Amino acid sequence: MTVALETIVNLSKRRGFVFQSSEIYGGIRSTYDYGPLGAALLRNVKDAWWRSMVQYRDNVVGLDSAIIQARTVWQASGHEDTFTDPLVECRNCNARHRLDKLDDPDRCPTCGKSGTFTEPMQFNLMFRTHTGPVESDENMVYLRPETAQGIFINYENVRRTNRMQLPFGIAQVGKSFRNEITPGQFVFRTREFDQMEMEFFCRPEEASRWFAYWQEQRLNWYLDLGMDKDKLRIRPHEEDELSHYAAETVDIEFAFPWGWDELEGLANRTDFDLKAHSEVSGQDLRYYDAEADERFFPYVIEPAAGATRLTFAFLMDAYHTEEVGGETRVVLKLHPHLAPYQVAVLPLSKKPELLGPASELADRLRRHYMLEFDVTQSIGRRYRRQDEIGTPYVVTYDFDSLDDSAVTVRDRDTMAQDRVSIDRLTEYLDERLKLI
Ligand code: GAP
């Protein structure tokens, strides 16, 4: 099912996934804070990406580079000159728009007037700030607009210290910043966001093969995490869409409520970046192949995804409504690896003889799972809450548990209930949560 944007925005706010940033001061446009559930989901998305890109591979290593880098990095990479979007301003209502994103390039979508746009100007998206107490041109720096350059400038450090041989990758997860002209669609396009990028260095003649390989790997990652295959597609970029560094790019797109749009990009960046940094820094960043006794600049295949954008897409994909007993049940069918809580423990009543052992059980389980212990409201309402926040298994501790040392475990998706001995509980849950 395709869910309305409003529905996800409301759920996010109501259940504490995402809040408007600086809300108590009226909010700041297109900037968001992740609440307890959103922070857990976002972290799980990043962890799932890291496991599949770094942990499960012997030729990819991780990096955590600085957000503020030398300005020369962005001069060498071409961002200072070309990381721009075409900006037009409406002379009638003063609204500013990104020309390449308008349905009709002559009509202002804010006031509806035609022929009122100024000539387009190229607007650089990098945020500027200054290091130290004096604001001068010499100490002007940028907040990074992509995590990728942190990888390129550390290429030689990582290769040497970790004895990496081609082909190999360097992966990084972290904040990036872009002064977007038209942020919007909730957390889809924001000015501050999390990226997950991997630069895969290979021999130039092998670049096409690795480009195809990474497309398949990345698409399978979404499918393995349960995303509906009908909501995913791969779209090659047209020649005029390519970034200044890319020879070839495809986007993995998701069926958002407003139509197909980019989830992540995969680019063949050729040897553009290493060559550029070699030229400007004066350091030889060519790879030496001892067997063939040759030096060359490796090519780079880059899968680049936005963690915040993916978190949003996973939320949309997981949202389902069902009719149960004449009522509408909202259920987030999140993969257990992504769900904010994997398990909830609910004592059937607040009576002390149940509360004590149930909370002891919850404390033991917390060592294994992200867990919520919930004692509020009726059991039915507590089940509904867990469905709505995507908790795959709910463990109910009832009066029989005192005698049979067993609990009822309810499956979020089927709503089936099993009676499970407490001794076997982690084994039972691990199997179903795909932890073993
Ligand atoms: N290093 C290549 C690069 O940054 P990109 O296509 O500009 O490529 C990669 O960005 C991904 O980062 C996008 O596919 C998207 O998921 C995410 N992203 C980019 N700009 C974003 C924004 N303003 N807000 C949220 N996510 C963004």
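Cut-offs and rules
- Residues numbered from 1 in each chain as written.
- Predicted model: local features only at pLDDT ≥ 70, side-chain atom pairs only at ≥ 80, totals over all residues.
- Heavy atoms only, no water.
- Pairing = 2+ DSSP bridges.
- Helix = DSSP H or I, 4+ residues; strand = E, 2+ residues; numbered from the N terminus.
- Axes fitted to C-alpha atoms, helices over the stretch in contact; angles between N-to-C directions.
- Near = heavy atom within 4 Å.
- Polar contact = N/O pair within 3.5 Å; in protein donor to acceptor, adjacent residues only side chain to side chain.
- Areas by Shrake-Rupley, 256 points an atom, 1.4 Å probe, with all protein chains shown as cover.
- Nonpolar A, V, L, I, M, F, W, Y, C, P; charged D, E, K, R; others polar.
- Phe/Tyr/Trp six-rings, centres within 6.5 Å; stacked < 30°, edge-to-face > 60°.
- Buried < 20%, exposed > 50% of the residue type's maximum accessible area, 1.4 Å probe, protein only.
- Domains from an automatic or database assignment.
- Buried area = accessible area lost by both parts, 1.4 Å probe.
- Salt bridge = Lys/Arg side-chain N within 4 Å of Asp/Glu carboxyl O.
- Expected span 1.5 Å × (residues − 1).
- Arc of directions from axis to C-beta.
- Contact = heavy atoms within 4.5 Å.

**Topic: the sheet that holds strand β5 (residues 96–98)**
Step number 1: Spatial ordering of the open sheet is given by β5-β4-β6, a layout of three strands whose pairing is antiparallel. With one partner strand each, in any of the chains shown, β5 and β6 (121–124) form the two edges of the open sheet. On average, each strand axis in the sheet is tilted by 45° relative to the strand beside it, whichever way the strands run.
Step number 2: Examined bridge by bridge, strand β4 (residues 84–89) and β5 share three bridges and lie antiparallel to one another. Bridging from a neighbouring strand, Leu87 pairs with Arg98 of β5.

**Section: the site of the ligand**
Step number 1: Contacts to the ligand come from 21 residues, most closely from Glu146, Thr190, Glu197, Glu262 and Leu263.
Step number 2: One nitrogen or oxygen atom from the main chain of Phe188 is found 3.4 Å from a nitrogen atom belonging to the ligand.
Step number 3: The separation between a nitrogen atom of the ligand and a polar side-chain atom of Glu302 is 2.9 Å.
Step number 4: Computed on the free molecule, the ligand has an accessible area of 560 Å², of which 91% lies beneath the protein chains in the complex.
Step number 5: Put simply, the parts of the chain that give the shell around the ligand at least two residues each are β10 (192–202), β13 (259–270) and β16 (299–306).
Step number 6: In terms of residues, the shell around the ligand owes the most to one element, β13, which gives five residues.
Step number 7: Here the shell around the ligand is built from residues that sort into seven nonpolar, four polar and ten charged.

**What about the pairing of strand β23 (residues 417–421)?**
Step number 1: Alignment of strand β22 (residues 406–411) against β23, held across five bridges, turns out to be antiparallel. For Ala406, the partnering residue across the bridge sits in β23 and is Ser421.
Step number 2: Connecting β22 to the antiparallel partner β23 that follows it, the hairpin turn spans five residues, and Met415 within it adopts a positive phi of roughly 65°.

**Examining the packing of aromatic side chains**
Step number 1: Tallied over the entire structure, the rule returns 21 aromatic pairs.
Step number 2: Between the aromatic rings of Phe168 and Phe201, the centroid separation amounts to 5.4 Å while the plane-to-plane angle is 35°, which identifies the pairing as tilted. Taken together, the residues span a long stretch of sequence, with Phe168 in strand β9 (residues 168–177) and Phe201 in strand β10 at a distance of 33 residues.
Step number 3: Judged by its relative accessible area of 0%, Phe168 falls in the buried class.
Step number 4: Here Phe201 falls in the buried class, since its relative accessible area comes to 0%.
Step number 5: With a centroid separation of 4.9 Å and 75° between ring planes, the pair formed by Phe254 and Phe256 is classed as edge-to-face. With respect to class, Phe254 is no different from Phe256; both count as buried.
Step number 6: Through a chain of ring-to-ring contacts, the aromatic side chains of Tyr32, Phe186, Phe188, Phe254, Phe256, Trp258 and Phe312 assemble into a single cluster.

**Quick notes on the domain arrangement of the protein chain**
Step number 1: Its domain assignment divides the protein chain into domain 1 (5–69 + 146–315) and domain 2 (341–433).
Step number 2: Look at where the C-alpha atoms of domain 1 and domain 2 centre, and you get two points 37 Å apart.
Step number 3: Summed over both sides, the interface between domain 1 and domain 2 buries roughly 500 Å², with carbon and sulfur atoms accounting for 54% of that surface.
Step number 4: Viewed at the interface, domain 2 and domain 1 are joined by two salt bridges.
Step number 5: The interface formed by domain 1 and domain 2 contains two residue pairs in polar contact (both at pLDDT 80 or more).

**Description of the pairing of β4**
Step number 1: Relative to β6, β4 is paired through four bridges, and the arrangement is antiparallel. Within β6, the position partnered with Pro86 by the bridge is Gln122.
Step number 2: A loop of six residues connects β4 with β5, the two strands running antiparallel in sequence, and Asn94 in this loop sits at a positive phi of about 65°.

**Brief notes about the sheet that holds strand β3 (residues 60–63)**
Step number 1: The seven strands lie next to each other as β3-β9-β10-β16-β13-β12-β11, forming an open sheet whose pairing is mixed. Sheet topology places β3 and β11 (232–236) at the edges, where each strand pairs with a single neighbour. Within the sheet, the average angular offset between the axes of one strand and its neighbour, ignoring direction, is 25°.
Step number 2: Across six bridges, the pairing between β10 and β16 is antiparallel.

**Regarding helix α10 (residues 352–366)**
Step number 1: Helix length check: α10, at 15 residues, gives a terminal C-alpha distance of 21 Å against a target of 21 Å (1.5 Å per residue), a fit within 8%.
Step number 2: Those residues of α10 lying buried are Leu354, Ala358, Leu361, Ala362 and Leu365. Seen along its axis, α10 keeps its buried residues to an arc of 105°; they face one direction. The outward face of α10, more than 90 degrees from its buried face, is lined by the exposed residues Pro352 and Glu360.
Step number 3: Contact partners of the buried residues in α10: β19 (343–347), β20 (371–373), β21 (393–397), α12 (401–404), β22 and α13 (425–432).

**Observations regarding α13**
Step number 1: Inspection of α13 places Leu425, Tyr428, Leu429 and Asp430 among the buried residues, and these make up the whole buried set.
Step number 2: Turning to α13, the residues buried within the fold contact β19, α10, β21, β22 and β23.
Step number 3: Phi turns positive, to about 60°, at Lys434, one or two residues after α13.

**Digging into the pattern of salt bridges**
Step number 1: One pass over the full model with this rule turns up 36 salt bridges.
Step number 2: In this structure, Lys333 engages Glu322 in a salt bridge whose closest nitrogen and oxygen atoms are separated by 2.9 Å. With Lys333 in the loop between β18 (327–332) and β19 and Glu322 in strand β17 (residues 319–324), this pair connects stretches of sequence that are eleven residues apart.
Step number 3: When the shortest N-O distance is used, the salt bridge between Glu372 and Arg385 registers 2.9 Å. With a gap of 13 residues between them, Glu372 in strand β20 and Arg385 in helix α11 (residues 379–389) connect regions that are remote in the sequence.
Step number 4: Residue Glu372 is classed as buried on the basis of its relative accessible area of 14%.
Step number 5: A single network of salt bridges, built from pairs that share partners, joins Glu322, Arg329, Lys333, Arg384, Asp387 and Arg410.

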